[in-house]
Amino acid sequence: MRYSCELWTDFISIHDRVRQTGLFCDMVGDHSITGDSLKTASPKNGLSCKMVLQAVGKVLRKGKGKPNGKKPPTEEKKHYLDAEYTKVRVVDFELKELVVLPREIDLNEWLASNTTTFFNLINLQYSTISEFCTGDTCAAMTACNTTYFWYDEKGKKTKCTAPQYVDFVMSSVQKLVTDEDIFPTKYGKEFPNTFDSLVKKICKYLFHVLAHIYWSHYKETVAMDLHGHLNTLYTHFIVFIREFNLMDPKETSIMEDLTEALCTPLPPVPQNHVSER
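What counts and what doesn't
- Residues numbered from 1 in each chain as written.
- Predicted model: local features only at pLDDT ≥ 70, side-chain atom pairs only at ≥ 80, totals over all residues.
- Heavy atoms only, no water.
- Helix = DSSP H or I, 4+ residues; strand = E, 2+ residues; numbered from the N terminus.
- Buried < 20%, exposed > 50% of the residue type's maximum accessible area, 1.4 Å probe, protein only.
- Contact = heavy atoms within 4.5 Å.
- Areas by Shrake-Rupley, 256 points an atom, 1.4 Å probe, with all protein chains shown as cover.
- Core = buried A, V, L, I, M, F, W, Y, C linked by side-chain atoms within 4.5 Å.
- Expected span 1.5 Å × (residues − 1).
- Axes fitted to C-alpha atoms, helices over the stretch in contact; angles between N-to-C directions.
- Parallel < 35°, antiparallel > 145°, perpendicular 65-115°, else oblique.
- Left-handed = near helix turned anticlockwise from the far one by under 90°.
- Phe/Tyr/Trp six-rings, centres within 6.5 Å; stacked < 30°, edge-to-face > 60°.
- Patch = residues over 30% accessible without salt bridge, like charges linked within 9 Å, V, L, I, M, F, W, Y side chains within 5 Å.
- Salt bridge = Lys/Arg side-chain N within 4 Å of Asp/Glu carboxyl O.

Student: Just to check I follow, could you spell out the overall build of the protein for this structure?
Tutor: For the protein, the helix and strand inventory stands at 11 helices and 7 strands. Taking all 277 residues of the protein together, the buried fraction comes to 35%. The long-range fraction of contacts in the protein, counting pairs at least 24 apart against all pairs at least 6 apart in sequence, stands at 67%. For the protein, the accessible surface area stands at approximately 18300 Å², while carbon and sulfur atoms represent 53% of it.

Shown next as structure tokens:
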């Protein structure tokens, strides 16, 4: 059957209005469509109007969801991007000054010192919301619709709950930073040749923990009035890994909107000038 564009448009328009007013069954009757016009006939002689309307409605409903007729997932609102939250920090100076390699300091010593500090701080930050991060509330280690899987020492991929994943991260990092052969503390002890790659691995895991806190537990963090600490810690960490190229930008891109919001310098606080007379 062929229809003109005008007839097809009117047909869909009538169909939508009929469905909205609830008069669908009353208007359909026993009409069928044959040729270029509507006429009364038995359903056996052609497609009943009711059948066509139902088919059109089904196609329209399916066509609204793309791709393949599926509705795209609704993106959750990222409360941590609200201006009232991103402006809250616990320091008001340039964090880049804290990460620049000082003169006459060995690069590996500087990386080791900062990596250990970030491990302790992020572990402490996570502990503040750990009671809310359970196997029931966080069945997977997710952040911004990304699911992280744990890989053991043999490279076996494992899907685990968020608290399990964080426990794996903290346990493995703790083991590394306390190993004298990897993070030496005694004078004259050399760092291993793989030290740079190990630091990058640690930073990747710590970033996953920070991203999960923002994505799944930011409301609890705000409720405890700790979002200023979290924002400062995240900004400090991002500035550090950027300074020494410790993570591929693709790995941190899921939090790029937050990074942009937090790493943009805050506007100066206006001061009230009182003139004496």
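Student: What am I meant to see in the nonpolar core here?
Tutor: Within soluble globular proteins, side chains that are nonpolar tend to cluster in buried spots. Grouped together as the largest cluster of nonpolar side chains are 59 residues, with contacts concentrated most on Val-169, Phe-207, Tyr-214, Tyr-234, Phe-237, Phe-240 and Met-255. At 15 residues, helix 8 (residues 195-223) tops the list of elements feeding residues into this core. Leaving out residues up to four positions away in the same chain, Met-255 has contacts with Tyr-80, Cys-144, Phe-207, Ala-211, Tyr-214 and Tyr-234.

Student: It is not clear to me how helix 8 should be interpreted in this structure. Could you clarify?
Tutor: Each full turn of the α-helix corresponds to 3.6 residues, which orients residues three or four apart in the same direction. In a regular helix each residue adds 1.5 Å, so 29 residues correspond to 42 Å; helix 8 covers 39 Å between its end C-alpha atoms and thus fits that length. One or two residues past the end of helix 8 sits Asp-225, with phi positive at roughly 60°.

Student: Looking at this structure, I do not really get the packing of helix 6 (residues 107-127) against helix 9 (residues 227-243). What am I missing?
Tutor: Any two packed helices are characterised by the angle at which their axes cross and by the distance between the axes. At a minimum axis distance of 11 Å, the contact between helix 6 and helix 9 shows a crossing angle of 155°. Relative to helix 9, the element helix 6 is oriented roughly antiparallel. As helix 6 runs across helix 9, the sense of the crossing is left-handed. Between helix 6 and helix 9, the residues in contact are Leu-111, Asn-114, Thr-115, Phe-118, Leu-121, Ile-122 and Gln-125 and His-229, Leu-230, Leu-233, His-236, Phe-237 and Phe-240, respectively.

Student: I'm lost on the packing of aromatic side chains in this one. Help?
Tutor: In this description, an aromatic ring pair is defined by two values, namely the gap between the centres and the angle between the planes. Under the counting rule described, the total for this entry stands at 12 aromatic pairs. Summarising the aromatic geometry, the rings of Phe-183 and Phe-195 are spaced 5.1 Å apart at their centres and angled 65° between planes, so their arrangement reads as edge-to-face. Placement of the pair is Phe-183 in the loop between helix 7 (162-177) and helix 8 and Phe-195 in helix 8, with a sequence separation of 12 residues. Ring plane angle 20° and centroid distance 5.4 Å describe the contact between Tyr-214 and Tyr-218, whose orientation is recorded as stacked. Residue Tyr-214 and its partner Tyr-218 are both found in helix 8; the two are separated by 4 residues, about one turn of the helix.

Student: Explain a nonpolar patch on the surface here, please?
Tutor: On the surface, Leu-101, Ile-105 and Leu-107 cluster together to form a nonpolar patch covering roughly 220 Å² of accessible area. Looking at the element boundaries, Leu-107 is found in helix 6. Judged by relative accessible area, Leu-107 falls into the partly exposed class, the value being 39%.

Student: Help me understand the pattern of salt bridges in this model?
Tutor: Close approach of charged atoms allows side chains with opposite charge to pair. All told, the structure shown has 5 salt bridges when counted by the stated rule. Across the pair Glu-153 and Lys-175 runs a salt bridge whose closest N-O atoms are separated by 4.0 Å. Of the two residues, Glu-153 sits in the loop between strand 6 (150-151) and strand 7 (157-158) while Lys-175 sits in helix 7, which places them 22 residues apart along the sequence. Of the two residues, Glu-153 and Lys-175, neither departs from the other in class, the shared state being exposed. With a closest N to O distance of 3.6 Å, Glu-256 and Arg-242 form a salt bridge. Here the residue Glu-256 occupies a position in helix 11 (residues 256-263), and Arg-242 occupies one in helix 9, the gap between them amounting to 14 residues. Exposure remark for Glu-256: the relative accessible area of 33% places this residue in the partly exposed category. Accessibility expressed as a relative area gives 47% for Arg-242, which makes it partly exposed.

Everything listed here is a matter of coordinates, which is why it stays silent on function.
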